[in-house]
Amino acid sequence: MLWWTSHYDFTVMRHIISTKTLSIEWVASLFSRAQSLKLGTQKPLIGGGIGSLLFYENSTRTKNSFHLALQELNYKILDFQIESSSATKGENITDTIQTLANLGANLFVIRHGSSLIMQSLEKYFLNHPIHIINAGNGMNEHPSQALLDLFTIAESVGFDYASLRGQKISIIGDCLHSRVARSNIHLLKRFGLQVTLVGPPNLVPWGFEDLGVEVSHNLKQGIEGSSFLMVLRIQKERQNANVISSLSEYNKYYGLSESMLSQASLLDSVRVLHPGPVNRNIEIESSLLDSDRSLVNQQVLNGRFVRIALIEELQKTMS
Ligand code: NCD
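Residues numbered from 1 in each chain as written. Predicted model: local features only at pLDDT ≥ 70, side-chain atom pairs only at ≥ 80, totals over all residues. Heavy atoms only, no water.

Asks: Explain unusual backbone geometry to me, please; I cannot follow it from the model alone.
Replies: Of the consecutive residues Gly276 and Pro277, the connecting peptide bond is found in the cis state with omega at -5 degrees. Among the secondary structure elements, Pro277 is positioned in the loop between strand 9 (271-273) and helix 11 (286-289). Residue Phe159 is not a glycine yet carries a positive backbone phi of 60 degrees. Mapped onto the elements of the fold, Phe159 is located in the loop between helix 5 (143-156) and helix 6 (161-164). (Helix = DSSP H or I, 4+ residues; strand = E, 2+ residues; numbered from the N terminus.)

Asks: Mind showing me how you'd approach empty space enclosed by the protein here?
Replies: Where empty space is left becomes clear once a probe the size of a water molecule has been rolled over the atoms. Across all of its chains, the model carries 1 cavity of 30 Å³ or more by this definition. Taken as a whole, the largest cavity holds about 60 Å³ of empty space. Residue lining of the largest cavity: Arg61, Gln145, Leu148, His274, Pro275, Val296, Gln299, Val300, Gly303 and Arg307, and that is the complete set. For the lining of the largest cavity, the secondary-structure elements that each account for two or more residues are helix 5 and helix 12 (296-315). At 5 residues, the largest contribution of residues to the lining of the largest cavity is made by helix 12. Partitioning the lining of the largest cavity into residue classes produces 4 nonpolar, 4 polar and 2 charged. (1 Å grid on protein atoms, 1.4 Å probe; cavity = no way out; pocket = protein on both sides within 12 Å on 5 of 7 lines; lining within 4 Å. Points joined across faces, edges and corners; volume = space filled by probe spheres on them. Nonpolar A, V, L, I, M, F, W, Y, C, P; charged D, E, K, R; others polar.)

Asks: Help me understand the pattern of salt bridges in this model?
Replies: Two side chains that carry opposite charge are able to pair once their charged atoms sit near each other. Here the structure, examined in full by the defined rule, presents 10 salt bridges. One salt bridge connects Arg293 with Glu258, and the closest N-O pair in it is separated by 3.6 Å. A residue pair is termed long-range when its members are at least 10 positions apart, and Arg293 in the loop between helix 11 and helix 12 and Glu258 in helix 10 (residues 258-263) qualify at 35 residues. A relative accessible area of 30% places Glu258 in the partly exposed class. (Salt bridge = Lys/Arg side-chain N within 4 Å of Asp/Glu carboxyl O. Buried < 20%, exposed > 50% of the residue type's maximum accessible area, 1.4 Å probe, protein only.)

Asks: Even after reading the chapter, I still don't get the environment of Ala309, so can you show me in this structure?
Replies: Here Ala309 shows up in helix 12. Overall, Ala309 belongs to the buried group, its relative accessible area being 1%. Counting along the chain gives 126 residues from Ala309 to Ser183, while the straight-line C-alpha distance between them is 18 Å. Apart from residues no more than four positions distant in its own chain, Ala309 is found in contact with Leu30, Arg33, Ala34 and Leu37. (Contact = heavy atoms within 4.5 Å.)

Asks: Got a minute to help me understand the site of the ligand in this structure?
Replies: Every residue lining the ligand is accounted for by Arg61, Thr62, Arg111, His142, Gln145, Arg179, Val180, Arg233, Gln235, Pro275, Gly276 and Pro277. At 2.9 Å, a side-chain N or O of Arg111 approaches an oxygen atom of the ligand. Here a nitrogen atom of the ligand and a side-chain polar atom of Gln145 are 3.2 Å apart. Notes on the ligand: free accessible area 320 Å², of which the protein chains cover 94%. Comparing atom positions with the cavity grids shows the ligand to sit within the largest pocket. (Near = heavy atom within 4 Å. Polar contact = N/O pair within 3.5 Å; in protein donor to acceptor, adjacent residues only side chain to side chain. Areas by Shrake-Rupley, 256 points an atom, 1.4 Å probe, with all protein chains shown as cover. Sits in = over half its atoms within 2 Å of the grid points.)

Asks: Quick question: what am I supposed to make of the packing of aromatic side chains here?
Replies: Geometry of an aromatic ring pair is reported as the spacing of the ring centres plus the angle between the planes. Across all of its chains, the model carries 7 aromatic pairs by this definition. Seen from their ring centres, Phe159 and Tyr161 are 6.4 Å apart, and the 65 degrees between their planes marks the pair as edge-to-face. Taken as a pair, Phe159 and Tyr161 share a single burial class, namely buried. The interplanar angle of 50 degrees and the centroid separation of 5.5 Å between the aromatic rings of Tyr161 and Phe191 together place this pair among those described as tilted. Of this pair, Tyr161 sits in helix 6 while Phe191 sits in the loop between helix 7 (179-190) and strand 6 (194-198), placing them 30 residues apart in sequence. Across the pair, Phe191 and Tyr161 agree in class, each one buried. (Phe/Tyr/Trp six-rings, centres within 6.5 Å; stacked < 30°, edge-to-face > 60°.)

Asks: Honestly, the sheet that holds strand 1 (residues 50-55) in this entry has me stumped. Any pointers?
Replies: Strand pairs in the sheet, formed through backbone hydrogen bonds, run parallel or antiparallel to each other. If you walk across this open sheet you meet the 4 strands as 2-1-3-4, and the pairing is parallel. Pairing within the sheet leaves two strands with one partner each, and these edge strands are strand 2 (76-78) and strand 4 (131-137). For this sheet the average axis-to-axis angle between neighbouring strands, irrespective of direction, equals 20 degrees. Sheet analysis places strand 3 (residues 107-112) next to strand 4, joined by 5 bridges and oriented parallel. Opposite Val109, over in strand 4, you have Ile133 as the bridge partner. Packing of helix 3 (residues 93-102) onto the sheet brings it into contact with strand 1, strand 2 and strand 3, and relative to strand 3 it is tilted by some 160 degrees. (Pairing = 2+ DSSP bridges. Axes fitted to C-alpha atoms, helices over the stretch in contact; angles between N-to-C directions.)

Take a look at the structure:
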């Protein structure tokens with residue numbers, strides 16, 4: 001029996017663009033499916049369309065896990081490498097999507113540097129039977145990452161969602177430029193977690209409090225009392241000026257280490273997450289990343305099953 005009542009509609013979705021609109025029921029049902037797939041008690045529901053992984057920004061784990069997920073669902077996958085595509089000849093993204101859709105592609109997993117791109121694509125392809133999954137747009141959202149993060153957190157408490165209510169999670173680092181942070185904030189809060197953002201003032205400005213989170217500029221104080229710590233990479237590629245003086249200076253004040261965990265009196269039960277890629281010994285001490293406290297390998301593994309389940313959700317609306 002679920003403990004919540006939700007005011008969100010339980011809808012079948014055509015695109016996965018944001019975590020803002022995902023209801024607790026929808027997410028819990030997605031996770032139950034992903035868990036069965038992971039345990040091997042259920043098999044993927046073969047969809048068998050044509051998928052396109054349109055990555056205009058680099059990726060290792062997101063692109064490969066979507067690739068695997070599509071393969072497991074029997075999709076043909078079109079080849080798209082930005083550096084050898086017609087994008088280098090000036091073709092815009094809508095023309096590229098239209099071209100691949102003409103070849104039969106019906107599912108587009110898209111990563112792009114623009115924070116506004118998904119809303120324009122949704123509008124542009126409103127009456128077109130294609131499906132879009134946002135695999136990260138600029139500084140805005142990265143819904144499948146937030147879903148696999150929450151899945152990993154939920155898994156660590158045996159999917160006892162009620163027990164997550166009131167637990168504290170601290171997101172540490174470059175929140176300003178992080179789509180992972182934004183998608184996570186919406187989702188974690190919906191599941192009743194208390195979110196604190198920790199980092200230097202120029203990477204965690206006070207404006208974030210409007211999203212219903214706490215802000216701390218002191219690492220030890222910010223992480224005290226947390227059950228989960230989510231560490232973020234400094235997004236140098238999204239900073240148009242040097243917003244931190246040096247990476248070693250950043251590490252000195254905000255790098256997460258075993259010694260900081262003991263100073264903050266965090267028990268052995270605290271769990272550490274990171275979406276990857278990690279810059280070892282900058283945002284997190286290498287030994288802590290490799291320790292038993294770290295859920296990072298689980299996050300990657302879980303991403304595969306959560307993404308199969310996500311594509312299956314879209315298959316419900318495919319014609
Ligand atoms: C993240 C991203 O691309 O937003 N990576 C990922 O998808 N796992 C985080 C990052 O690049 O730092």
